[in-house]
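# Close look at the chain arrangement
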Amino acid sequence: MLHGKRILLVISGGIAAYKALELIRRLRERGASVRCVMSKSAHQFVTPLSVAALSGDKVYDSLFSLTDEAEMGHIELSRDADLLVVAPASADLLARMAGGLADDMAATVLLATDKPVLAAPAMNVRMWLHPATRRNIAQLKKDGVRFVGPDDGDMACGEYGPGRMAEPLAIVAGIEALFADPPPPAPLLLRPADARAVAANGNGGGGLAGRRIIVTSGPTHEPIDPVRYIANRSSGKQGHAIAAALAAAGAEVTLVTGPVSLPDPAGVKTVHVESARDMFSACFLDLPVDAVICAAAVADWRVAVEADQKLKKAGDEPPVLRLAENPDILRAIATTDARRRPALVVGFAAETEAVVDYATKKLKTKGCDWILANDVGAGTGTFGGDSNTIHLVRRDGATDRIAVEHWPTMSKAAVAAKLADAIAGFFSRSPAKPPAVKSGARSSKLKEVRP
Ligand code: C5P
């Protein structure tokens, strides 16, 4: 499985650095090529000579070495690998990675890379358990870094607990698992190809100035009783990215979001809701608008009668929950009276098979203008992930003809920018119509509006 793979091994300082030598041997035995970067403190534990001899390549360790940069610049070094492995990953290097520092060759290649990163932490147990390290690990996990170990055991410092670097063969198994199930290509950033596509499309030039747009995002929570609810796994990343991209293109955006752990996008009026009915009300309170983008994963059902008090275990029979259908926000907006219907109503279709066929059907049943269909089948990593593959299905209002555009896989931010660009194109082509103006004060206070 590792045959022909190019691994860039970053060795930081720690007593476990000696195990990096065995790791190099195990990887090369399996047909991988290994190029090594050593931090300054790693030199205290293993010599560059042994690392170079075992890897069969020179060791890169200085950011400011003219020879290193002439032979292979640090950007090229990190991009020329299939995978970056940090072993041992010291508390200090993990902190620098989490903070995005680039103060030596090791930290710089890790910041400059667009490849997956696997780290094998090694440190004293108290350092591992310190809240600062816990924060750094949580941040790195969020950024997509994978971890192997550390193991529990006696430590070189005489203490016992988690902190020992995983054994070389366990790290090899972690590397094989990562190649078998690679993380999505890039975090929520424009990758170069996406950036070029977006630049070519000319987005971000304020093409939506004066337009009012509602975006729904995230899951909804449907209460069962005061402490329990029904939910789904939507992260809100795509909807939030769309709200941010539309605002960047000059639109006045209201983001109606279910519970997510994302910050409110800058320059966007964000209304926080819990349930589908709250989301429905918040959207209708903000009409009329020029466009609505329904990116939320709205729960199809809620519990018909929400219990006032926490349900108790009583008797042998568990309670039976009777479900009621939630209002369909997208359909309600798309089919509302002509005075309030936005000029452009866009929905999403998360499908696991025959994606375009189902999306085309959905376009008709919902009465909306565009559907962004995405494959959320097992293994696509779309739900909660950072990238998305979109098929844009559009209905031409005048001719009723359907057109399908297949977009390449790109980051959710790039999808958002491309969508903002398509929406700006729609408004630049559509006959001039005064922008939607909301009468009366805008309020984010909710009141029930019946579908
Ligand atoms: O029917 P389905 O859930 O597959 O439709 C998905 C599209 O409809 C998404 O755009 C979603 O935001 C929207 N939707 C909605 N209200 C619902 C259910 C779905 O706005 N109750």
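Rules and cut-offs
- Here the residue numbers are simple positions, counted from 1 along each chain's written sequence.
- For this predicted model, a pLDDT threshold of at least 70 governs which residues receive local features, and a threshold of 80 or more governs which side-chain atom pairs are given and counted, while totals over whole chains, interfaces and linings are taken from all residues.
- Note that water and hydrogens are dropped before the side-chain values are worked out from all heavy atoms of the structure.
- Comment: elements are numbered from the N terminus, with helices defined as DSSP H or I runs of at least four residues and strands as E runs of at least two.
- Residue exposure (1.4 Å probe, protein chains only): buried if accessible area is under 20% of the type maximum, exposed if over 50%, otherwise partly exposed.
- Here, two residues are considered to be in contact whenever any of their heavy atoms come within 4.5 Å of each other.
- Surface exposure here means Shrake-Rupley accessible area, sampled with a 1.4 Å probe, where a residue is shielded only by the protein chains that are shown.
- In these notes, residues near a molecule or strand are those with any non-hydrogen atom within 4 Å of it.
- Counted as a polar contact is a pair of N or O atoms within 3.5 Å, where, for protein atoms, one must be capable of donating a hydrogen and the other of accepting one, and residues adjacent in sequence contribute only when both atoms are in side chains.
- Three classes are used: nonpolar for Ala, Val, Leu, Ile, Met, Phe, Trp, Tyr, Cys and Pro, charged for Asp, Glu, Lys and Arg, and polar for all others, with Gly counted as polar.
- Grouping buried Ala, Val, Leu, Ile, Met, Phe, Trp, Tyr and Cys residues that are joined through side-chain atoms within 4.5 Å yields what is termed a nonpolar core.
- Strands are labelled as partners when DSSP assigns at least two bridges between them.
- In this analysis an axis means a line fitted to C-alpha atoms, helices contributing only their contacting stretch, and an angle means the value between N-to-C directions, from 0 to 180 degrees.
- UniProt positions are given in the numbering used here, feature names are shortened, and annotations may be inferred rather than shown by experiment.
- Two joining distances apply to patches: 9 Å for like charges and 5 Å for nonpolar side chains (Val, Leu, Ile, Met, Phe, Trp, Tyr), and every residue must have over 30% relative accessible area and no salt bridge.
- Should a side-chain nitrogen of Lys or Arg be within 4 Å of a carboxyl oxygen of Asp or Glu, the pair is scored as a salt bridge.

## Examining the overall build of the chain
For the chain, the helix and strand inventory stands at 15 helices and 22 strands. Evaluated residue by residue, the chain yields a buried proportion of 48% over its 451 residues. Taking as baseline every contact in the chain between residues at least 6 positions apart, the subset at least 24 positions apart corresponds to 70%. For the chain, the exposed surface amounts to about 21700 Å²; the carbon and sulfur share of it is 54%.

## Observations concerning the site of the ligand
In the vicinity of the ligand, the contacting residues are C294, A296, V298, D300, P327, D328, I329, L330, G347, F348, K362 and K366. The separation between a nitrogen atom of the ligand and a polar main-chain atom of I329 is 3.0 Å. L330 has a polar backbone atom sitting 2.9 Å from an oxygen atom of the ligand. Relative to its unbound accessible surface of 450 Å², the ligand loses 84% to contact with the protein. Those elements that provide at least two residues to the shell around the ligand are α13 (329–334), β17 (344–351) and α14 (355–366). Residues that form the shell around the ligand fall into these classes: seven nonpolar, one polar and four charged.

## Side note on the nonpolar core
The biggest cluster of nonpolar side chains holds 36 residues, and the ones touching the most others in it are L208, I213, V215, L246, I293, W370 and I423. For this core, the secondary-structure elements that each account for two or more residues are β9 (212–217), α11 (237–248), β12 (252–257), β14 (291–294), β17, β18 (370–375), β20 (390–395) and α15 (412–429). Element by element, the count of residues in this core is highest for α15, at ten residues. Sequence-distant contacts of I293, defined by excluding residues within four places in its chain, comprise I213, I214, V215, T216, I242, L246, V346, F348, L419 and I423. Formed by 33 residues, the second largest nonpolar core is a distinct cluster that contains I7, V34, A42 and V59.

## Re the sheet that holds strand β13 (residues 269–272)
Overall, mixed pairing links the eight strands, which are arranged β13-β12-β9-β14-β17-β18-β20-β21 in an open sheet. Strands at the two margins of the open sheet, each flanked by one partner only, are β13 and β21 (402–406). Here the strands of the sheet are splayed against their neighbours by 15 degrees on average, with no regard to which way each runs. Pairing geometry for β18 and β20, over five bridges, is antiparallel. Counterpart to A373 in the pairing with β20 is H391. Against the sheet, helix α12 (residues 276–286) engages β9, β12 and β13, with an angle of about 175 degrees to β9.

## A short note on the UniProt feature "binding site: CTP" (unreviewed entry) in the chain
Annotation from UniProt places "binding site: CTP" (unreviewed entry) at D300, K310, P327, D328, I329, L330, F348, K362 and K366. As for its placement among the helices and strands, I329 is situated in helix α13. Residue contacts for I329: discarding those within four places in its chain leaves A276, M279, F280, C283 and V298. Here K362 shows up in helix α14. Non-local contacts of K362, meaning those with residues more than four positions away in its chain, are made with F348, A349, E351, G367 and I371.

## Details of a nonpolar patch on the surface
On the surface, W301, L321 and L323 cluster together to form a nonpolar patch covering roughly 300 Å² of accessible area. With respect to the helices, strands and loops of the structure, L321 is situated in the loop between β15 (301–303) and β16 (323–325).

## So, the pairing of β9
Moving residue by residue along a regular strand, the side chains alternate between the two faces of the sheet. The element β9 is extensively covered by neighbouring structure, given that six of its six residues are classed as buried. Going residue by residue along β9, you find R212, I214 and T216 tucked away on one face and I213, V215 and S217 tucked away on the opposite face as well. Here β9 runs beside β12; their pairing, made up of six bridges, is parallel. When the bridges of β12 are listed, R212 appears paired with E252. Bridging between β9 and β14 involves four bridges; their strand directions are parallel. Following the sheet pairing, I213 is matched in β14 by A291.

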